[in-house]
Amino acid sequence: MIPSVRNIYRKAGNVFLLLGTSLLLTSCYYMMDKGEDGPVEYMIAVHGGAGSMDAEMPEAMQQAYHAALRQALLAGEEVLKAGGTAVEAVEAAIRVMEDDSLFNAGKGAVYNADGQHELDASIMEGKFHTAGAVAGVRQVRNPITAARLVMTETPHVMLVGPGADAFALEMGMDPVDSSYFWTTRHRTRYQEALAKQGKKLGTVGAVARDRDGNLAAGTSTGGMAMKKYGRVGDSPVIGAGTWADNATCAVSCTGHGEYFIRYGVAHELSSLMEHRKWPLERAANHLVMQELKTMDASGGLIAVDTYGNIVMPFNTQGMFRGYVKEGQEPLTYIFK
Ligand code: ASP
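The rules behind each value
Residues numbered from 1 in each chain as written. Predicted model: local features only at pLDDT ≥ 70, side-chain atom pairs only at ≥ 80, totals over all residues. Heavy atoms only, no water. Helix = DSSP H or I, 4+ residues; strand = E, 2+ residues; numbered from the N terminus. Buried < 20%, exposed > 50% of the residue type's maximum accessible area, 1.4 Å probe, protein only. Contact = heavy atoms within 4.5 Å. Areas by Shrake-Rupley, 256 points an atom, 1.4 Å probe, with all protein chains shown as cover. Axes fitted to C-alpha atoms, helices over the stretch in contact; angles between N-to-C directions. Parallel < 35°, antiparallel > 145°, perpendicular 65-115°, else oblique. Left-handed = near helix turned anticlockwise from the far one by under 90°. Nonpolar A, V, L, I, M, F, W, Y, C, P; charged D, E, K, R; others polar. Pairing = 2+ DSSP bridges. Polar contact = N/O pair within 3.5 Å; in protein donor to acceptor, adjacent residues only side chain to side chain.

Peer 1: Can you help me understand the overall build of the protein in this one?
Peer 2: Looking only at helices and strands, the protein features nine helices and twelve strands. Burial analysis of the protein (336 residues in total) assigns 53% to the buried set. Put simply, of all contacts in the protein between residues at least 6 apart along the chain, 68% involve residues at least 24 apart. Just so you have it, the protein exposes about 16100 Å², and 56% of that area is on carbon and sulfur atoms.

Structural data, given as structure tokens:
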């Protein structure tokens, strides 16, 4: 029997009703299961330092930086994808850059005026405002991990010099000999700098938001080339080079550290958002492109806010940087 047109419509209507109901029930179940506070999109951003980099940088060199940034992003993303915390992701991403001599952190740390390496790092999470930092370490391969251990294993926020080295070793971190930090590239730079008393900027950092909506930030550096023995920059200073607050943002800075300390840049970003109710982008641009720029303070920052917005402003020729959001491909940049 050939069904009448009316019957076909009725049957199709029933199928749609059934589909609609099951769709509604599935979404109800999903909402009940996860609640309104269910998982949010995760994301991570990294920087590898801002500075006056040569726009004529050889293509191969540029590609090497892009690849290194991508590797750091993927390391952080892997943690977030598996449900890890923002702090764990930040640490993982920074460790990759610390192990890569392209960056001025860990292995690639610059020489100070005495021909030595003194490394600084800090990390902070935005839920409870816990933080850890080390400054002037000489025997630690991954200062960001030492900073995380200060945060989780001690009642303190910052350890410096030989005490910080000793603590890291007590915690089971492998000591490295000073020769580990000798890289031909920086050695040559050091000799050139000795001659010219030049300055070199460069540092690594990461900011992340995990699936629970928690924010974290971390920064690691060899400091400024030819810095005075004992000099500490903004990178290990909570509120200057690093800051995280779930209510506002997580931020990692890079640039002329003394200015970032004097103007408490990382915390100032959070304050502008909290007290002036400025969105992340406005606050970040104001600080980097106006406040710092008028003082001739070169540098930049990367930041992520509660809503998952990412900003990466800098007032220098370039800043090695990139980010990846859940389900997307990592994007990396060097120049404007
Ligand atoms: N901010 C770092 C410092 O002053 C250097 C940099 O970011 O390039 O130690």
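Peer 1: Where do I start with the packing of helix α2 (residues 59–81) against helix α3 (residues 86–98) in this structure?
Peer 2: For any two helices packed against each other, one specifies the crossing angle of their axes together with the interaxial distance. With their axes 8 Å apart at the nearest point, α2 and α3 run at an angle of 155° to one another. When the interaxial angle is binned, α2 and α3 end up roughly antiparallel. The way α2 lies across α3 gives a crossing that is right-handed. On α3, the residues touching Leu69, Gln71, Ala72, Ala75, Gly76, Val79 and Leu80 of α2 are Ala86, Glu88, Ala89, Ala92, Ala93, Val96 and Met97. Residue classes in the contact of α2 with α3 are distributed as eleven nonpolar, two polar and one charged.

Peer 1: Please clarify how the sheet that holds strand β5 (residues 204–209) should be interpreted in this entry.
Peer 2: Sheet strands pair by backbone hydrogen bonding; their relative direction is either parallel or antiparallel. Taken in spatial order, the eight strands line up as β4-β3-β2-β6-β5-β1-β11-β12 in an open sheet, and their pairing is mixed. The two strands at the open ends of the sheet, each matched to only one other strand, are β4 (158–160) and β12 (331–335). On average, each strand axis in the sheet is inclined to that of its neighbour by 10°, with strand direction left out of account. Across seven bridges, strand β1 (residues 43–51) lies against strand β11 (residues 318–325) in antiparallel orientation. For Ile44, the partnering residue across the bridge sits in β11 and is Val324.

Peer 1: What is the right way to look at the side chain of Thr219 in this model?
Peer 2: Along the chain, Thr219 falls in strand β6 (residues 215–221). For Thr219, the side chain forms a polar contact with the main-chain oxygen of Gly241, separated by 3.3 Å. A polar contact of 2.8 Å, which involves the side chain of Thr219, links it to the side chain of Ser252.

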